[in-house]
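Examining the three-dimensional arrangement
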Amino acid sequence: MTKGRFIALEGGEGVGKSTQLRLLAQALRAQGHAVVTTREPGGTPGAEAIRALLLDPAGPGWGPRAEALLFAAARADHGERLIAPALARGEWVLTDRYLDSSRAYQGGGNGLDDADLLTLHRIGSLGLMPDRTILLELDPALAAARLVARDGGNADRIGGRDSAYHARVAAAFRAFAAAEPARFARVDADGTPEAVHARVMAAITA
């Protein structure tokens, strides 16, 4: 059996990852592929429970190290119970966020060492990486307007952090893409969902 493909959609808040994941899944299914769509943190019952702990604005809150460990634990369960089995069946797995979000948010945003985060990933998820990572990029002002339209100002615990934090996150994503051009495809997220989808499809084809 042919091994499946693993595609991650990454980027900051409000860039349209969920919309583009849905459009990409539809396009791949139309081509005859079996497709699994998922998200991080989440995707399995255990990982979704951790997601609630991490993102609930009314929750207890976590320090940077505890936050990184919780994300790594959620990813370990997600990979073992959902991603790896789907790939072994020859299916395409599309995820809304993966390891690079932890590297950007807990690393770039919170200042944790990237090597430590990669070690956590090696231990918890056996180093499983996407075949292709689509980095959606959008002007911060446009992204903020989309968030207001989507959430009405009610962001989750991490999305609601200040603009300086999110600027550090964006800079980290750019650095990862520059360091790994074979894995990353940087996609302009400005425009209609259909226009952005065409760019995503071009990146997948490439």
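Residues numbered from 1 in each chain as written. Predicted model: local features only at pLDDT ≥ 70, side-chain atom pairs only at ≥ 80, totals over all residues. Heavy atoms only, no water.

Turning our attention to the pairing of strand 1 (residues 6-10). Most of strand 1 is tucked away: five of the five residues are buried. By the alternation rule, side chains of strand 1 split into Phe6, Ala8 and Glu10 and Ile7 and Leu9, which are all buried. Sheet topology places strand 1 next to strand 4 (residues 132-137); four bridges connect them, and they run parallel. Considered in strand 4, the bridge of Ala8 is made with Thr133. (Buried < 20%, exposed > 50% of the residue type's maximum accessible area, 1.4 Å probe, protein only. Helix = DSSP H or I, 4+ residues; strand = E, 2+ residues; numbered from the N terminus. Pairing = 2+ DSSP bridges.)

Moving on to the packing of helix 3 (residues 64-88) against helix 4 (residues 99-109). Two elements in contact, helix 3 and helix 4, have axes separated by 11 Å at closest approach and are oriented at 175°. Taken together, the axis directions place helix 3 and helix 4 in an arrangement best described as roughly antiparallel. Residues Glu67, Ala68, Phe71 and Arg75 of helix 3 form the contact with helix 4, whose own contacting residues are Leu99, Ser102 and Gln106. In the contact of helix 3 with helix 4, the residues fall into three nonpolar, two polar and two charged. (Axes fitted to C-alpha atoms, helices over the stretch in contact; angles between N-to-C directions. Parallel < 35°, antiparallel > 145°, perpendicular 65-115°, else oblique. Contact = heavy atoms within 4.5 Å. Nonpolar A, V, L, I, M, F, W, Y, C, P; charged D, E, K, R; others polar.)

Take the nonpolar core next. With 23 residues, the main nonpolar core has Ile7, Leu24, Leu94, Ile134, Leu136 and Val200 as its most contacted residues. Of all elements in the fold, only strand 1, helix 1 (17-30), strand 3 (92-96), strand 4, strand 5 (184-188) and helix 8 (193-205) reach the threshold of two or more residues within this core. Other than its neighbours up to four places away in sequence, Ile7 contacts Leu24, Trp92, Val93, Leu94, Thr95, Arg132, Ile134 and Ile204. In this structure, Ala47, Ile50, Tyr165 and Phe173 belong to the second largest nonpolar core, which totals 18 residues. (Core = buried A, V, L, I, M, F, W, Y, C linked by side-chain atoms within 4.5 Å.)

The next point concerns the packing of aromatic side chains. Per the counting criterion, the structure on display carries three aromatic pairs. With centroids separated by 6.2 Å and ring planes inclined at 55°, the aromatic side chains of Tyr105 and Tyr165 adopt a geometry described as tilted. One end of the pair, Tyr105, is in helix 4; the other, Tyr165, is in helix 7 (residues 163-179), with 60 residues separating them in the sequence. Note on Tyr165: relative accessible area 3%, which makes it buried. Their ring planes at 75° and their centres at 6.3 Å tell us that Tyr105 and Phe173 sit as a pair that is edge-to-face. (Phe/Tyr/Trp six-rings, centres within 6.5 Å; stacked < 30°, edge-to-face > 60°.)

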